[in-house]
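Spelled out, the chains give:
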Amino acid sequence: MKLRNLLLSITLTAFFTSVNAQEQTDFKQSGHATVKVFTNFHSAFDGPKAHNAFEIQRAYFGYSFNLSEKFSAKVLLDVGDPGVGKLQMTAYLKNAYLQYKSGKFTTKFGLIGLAQFDLQEGLWGNRYLYKSFQDEHKFGSSADLGAFASYKFNSIISVDATIANGEGYKSLENDSVLKYSLGATINPLKGLTFRAYYDMMGNSNSQNSLSLFLGYSREKFNIGAEYALQTNNKMKTDHDMSGISVFSSYKIKKVRLFARYDQLTSTKIGAATNAWNANSDGEAIIGGIEFAPIKGVKIAPNYQVWMPANGGPAENIVYLSLEIKI
């Protein structure tokens with residue numbers, strides 16, 4: 001409760017202070033539209049699920065507007081594919097927020113993007129062909145209704161805090177359960193980044209998430225490693241899951257080679273033979289090559305393997321993935 005009141009107080013104070021004090025005489029308002037499309041052709045060539053298909057995974061349509069030197073707003077529509085072979089798409093409002101940024105302090109209010117796995121997704125760089133680990137396995141949502149604040153102390157350390165509904169942007173329900181998040185990002189050396197993140201949702205049987213991430217990035221090479229743990233998934237007792245993700249890429253002239261390994265595990269409850277999330281547990285291996293023939297277009301032939309922990313057959317799929325960004 002104290003964290004929620006503190007964050008809301010900071011946000012509202014910054015907002016009204018700036019409205020009263022900021023001079024607008026020399027500022028010219030401006031905005032820009034963005035369009036991003038993820039699409040692919042893939043071939044699953046083994047087992048009873050073997051098939052070939054073209055797919056539009058996702059399309060984003062957004063607009064960002066600079067209201068003043070310190071205030072800006074953003075609206076983003078997320079249109080997703082409900083499944084292979086279906087013609088209809090499902091649209092969600094993913095972002096609709098007001099942002100205030102002054103010096104080292106930033107705050108957002110509304111339907112905001114969450115910071116739970118932003119850093120990991122950015123360093124991975126291949127969201128158009130596979131989600132980041134926590135996003136893929138539903139450790140949390142990438143956006144939600146709430147308030148966000150961050151402060152950058154210096155070039156080395158920054159901290160952030162978020163209060164959100166906890167339901168995600170696809171289920172904007174109003175209830176008394178909120179999600180509280182804290183994060184810290186440290187850059188001790190050029191190119192080296194460490195981030196620790198924690199969130200809590202619920203009261204007596206709260207869901208708790210912890211993640212640790214270490215990444216290193218230079219002009220031609222990057223590598224990242226993440227550990228994530230969630231206890232009482234969806235506020236259900238002993239429904240715990242954890243996992244690791246390791247990825248790397250290397251750029252050779254105009255192409256980029258990339259590889260990734262994920263492992264997700266969950267706990268057994270009581271005398272159960274199998275883990276509570278056994279049908280979703282497993283290991284993923286991804287490898288491929290990416291090139292950008294023109295600005296705004298990325299093409300990546302890649303190979304993905306999913307090895308389920310329940311002993312089922314492995315899924316081997318070859319993809320030709322494409323990102324179009326306008």
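As a reminder, the structure under discussion sits directly above these lines.
In this text the structure is predicted, and so the values were computed from the model without any measurement. (Residues numbered from 1 in each chain as written. Predicted model: local features only at pLDDT ≥ 70, side-chain atom pairs only at ≥ 80, totals over all residues. Heavy atoms only, no water.)

Participant: Give me the overall build of the chain: which residues, what numbers.
Facilitator: Counting its secondary structure elements, the chain contains 3 helices and 16 strands. Relative to all contacts within the chain whose residues are 6 or more apart in sequence, the contacts with residues 24 or more apart total 50%. (Helix = DSSP H or I, 4+ residues; strand = E, 2+ residues; numbered from the N terminus. Contact = heavy atoms within 4.5 Å.)

Participant: Give a description of the environment of A91 that names residues and reports values.
Facilitator: By secondary structure assignment, the location of A91 is in strand β4 (residues 90-102). For A91, a relative accessible area of 49% corresponds to the partly exposed category. A91 sits 12 residues away from V79 along the chain, and the two C-alpha atoms are 4.2 Å apart. Ignoring any residue separated from it by four or fewer positions in sequence, one finds A91 in contact with L77, D78 and V79. (Buried < 20%, exposed > 50% of the residue type's maximum accessible area, 1.4 Å probe, protein only.)

Participant: Describe the environment of S280, and please don't skip the residues or the numbers.
Facilitator: Residue placement: S280 occurs in the loop between β13 (255-266) and β14 (282-291). For S280, a relative accessible area of 35% translates into the label partly exposed. Measuring from C-alpha to C-alpha, the distance between S280 and H137 comes to 8.3 Å, with 143 residues separating the pair along the chain. When residues no more than four places from it in sequence are discounted, the contact partners of S280 are L264 and W306.

Participant: Help me get a handle on empty space enclosed by the protein, residues and values and all.
Facilitator: Applying the stated criterion across every chain yields a total of 1 cavity of 30 Å³ or more. In this structure, the largest cavity encloses a volume near 60 Å³. Together, L114, A115, Q116, T162, A164, K179, S181 and Y197 line the largest cavity. Sorting the residues of the lining of the largest cavity by element identifies β7 (157-164) and β8 (179-189) as the ones contributing at least two each. Residues of the lining of the largest cavity, tallied by class, amount to 4 nonpolar, 3 polar and 1 charged. (1 Å grid on protein atoms, 1.4 Å probe; cavity = no way out; pocket = protein on both sides within 12 Å on 5 of 7 lines; lining within 4 Å. Points joined across faces, edges and corners; volume = space filled by probe spheres on them. Nonpolar A, V, L, I, M, F, W, Y, C, P; charged D, E, K, R; others polar.)

Participant: Please provide a residue-by-residue account of a positive patch on the surface, values included.
Facilitator: A contiguous patch of positive charge, built from K138, K170, K234 and K236, is present on the exposed surface. With respect to the helices and strands, K170 occurs in the loop between β7 and β8. (Patch = residues over 30% accessible without salt bridge, like charges linked within 9 Å, V, L, I, M, F, W, Y side chains within 5 Å. Areas by Shrake-Rupley, 256 points an atom, 1.4 Å probe, with all protein chains shown as cover. Salt bridge = Lys/Arg side-chain N within 4 Å of Asp/Glu carboxyl O. Lys, Arg positive; Asp, Glu negative; His and termini not counted. Charge placed at Lys NZ, Arg CZ, Asp CG, Glu CD.)

Participant: Tell me about the nonpolar core, residues and numbers included.
Facilitator: If you look at the biggest cluster of nonpolar residues, it comprises 15 residues, and the most contacted ones within it are W124, L129, Y130 and F258. Sorting the residues of this core by element identifies α2 (118-124), β14 and β15 (297-308) as the ones contributing at least two each. Those residues within four positions of F258 in sequence are excluded, and the remaining contacts are W124, N126, L129, S248, S249, I286, G287, G288, I289, E290, A300 and N302. Counting residues in hydrophobic clusters, the runner-up holds 6 residues, among them Y97, L114, A115 and F148. (Core = buried A, V, L, I, M, F, W, Y, C linked by side-chain atoms within 4.5 Å.)

Participant: Give a description of the pairing of β7 that names residues and reports values.
Facilitator: Across 7 bridges, strand β6 (residues 143-152) lies against β7 in antiparallel orientation. Note on β7: the bridge partner recorded for F148 is T162. Counting the residues between successive antiparallel strands, the hairpin from β6 to β7 contains 4 residues. Relative to β8, β7 runs antiparallel, the two sharing 8 bridges. Across the sheet, S158 pairs through a bridge with T185, a residue of β8. (Pairing = 2+ DSSP bridges.)

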